[in-house]
Structure formats: structure tokens, C-alpha cells
Amino acid sequence: MGVLNVTVVEAKDLPPKDASTTEVFVSVQVDGTVLHVPVKPADANPKWGDVLTFQVADPATSKVVVEVKDKVTKKKDKEGKAPKEGKEKKDKEGKEKKDKEGKEKEGKEKKDKEGKEEREEG
């Protein structure tokens, strides 16, 4: 087991963004573990100087992925955020369950009605 330290120094010449709706941060993934540096207000040249420490099997062979991202502010999240996959799945499952329950209820009502008609005829 070893330790791998990743120092996030700075980003340069980032595309301009609307400072009121975006914030910049860096995500670092090492062998499947993800850590982030603190969010900075939108800036074309943000500086961090943060050290992220990862526990790894072998520092020499660890895969490192670094991404500079924009974090959407909470106000923007509420207005423009896509629904979570889990929520969509739950909604679909709930609809399917209601459809199934409705069909079962219709089938039971039909059987009850047929049984009632047979008793009235008999």
C-alpha cells in the first residue's frame, strides 16, 4: 500500500463564464477514488495550491484523471437541473405498479360482475 499526493496548483485561460451562475473546481480521480479541491468563483485563472492525498496499491502505476469543472449555483440547479436517474426510474416503476394494480382491479371487478350475473340468472 502506498500514498500518492496530487497538488492542484492552478488553471489558466479558462473560457469566460457568467460569474453570477458558475463556480470553478477541480476533480481528481485516482484508481476510482475521487477528491475535489474547494470551489472558486468563476475566474479565467483560478489558483488553489491544494494537496490531495490518495491511498493506492502502487503510486507508480496508479491512473490519475484531472478535470476542471464548472459548478452550477443552487438557483440555477433548481431551474435547469435534469431529474435524477433514480427518480425517473422510481416514477416509471410507480406508474407501472399503478397500471398493474388498475388492471388487476378491473379484472377482479369483471369477475365479480360475471359471478353476480350468474347468481341472478341461476
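See the structure shown above.
I will try to describe carefully the structure that is included in this document. Residue numbers restart at each chain and count upward from 1, following the sequence in its written direction. This being a predicted model, a pLDDT of at least 70 is required before a residue's local features are given, and a value of 80 or more before pairs of side-chain atoms are given or counted; all residues contribute to the totals for chains, interfaces and linings. Only hydrogens and water are set aside; all other atoms, that is, all heavy atoms of the structure, feed into the side-chain values.

## Let's talk about the overall build of the chain
Helix and strand counts for the chain stand at two helices and six strands. The secondary structure listing takes helices from DSSP runs of H or I that are at least 4 residues long and strands from runs of E that are at least 2 residues long, numbered from the N terminus. From first element to last, N terminus to C terminus, the chain shows the α and β order β-β-β-β-β-β-α-α. Across the 122 residues that make up the chain, the buried fraction comes to 16%. Only heavy atoms matter for contacts: two residues are in contact if any of them lie within 4.5 Å across the pair. Within the chain, contacts between residues separated by at least 24 positions form 69% of all contacts whose residues are at least 6 apart in sequence. Carbon and sulfur atoms make up 50% of the accessible area of the chain, which amounts to about 9900 Å² in all. Categorising residues by exposure relies on relative accessible area from a 1.4 Å probe, with only protein chains included: less than 20% of the type maximum marks a residue as buried, more than 50% marks it as exposed, and the intermediate range marks it as partly exposed. All accessible areas in this document rest on Shrake-Rupley with a 1.4 Å probe, and a residue is counted as covered only by the protein chains that are shown.

## Topic: the pattern of salt bridges
By definition here, a salt bridge exists when the distance from a side-chain nitrogen of Lys or Arg to a carboxyl oxygen of Asp or Glu is within 4 Å. The final tally for this structure, using the stated rule, is two salt bridges. When the shortest N-O distance is used, the salt bridge between Lys 69 and Glu 67 registers 3.6 Å. The class for Lys 69 is partly exposed, based on a relative accessible area of 29%. The exposure class of Glu 67 is partly exposed, given its relative accessible area of 38%.

Just distances and angles here, no functional claims.
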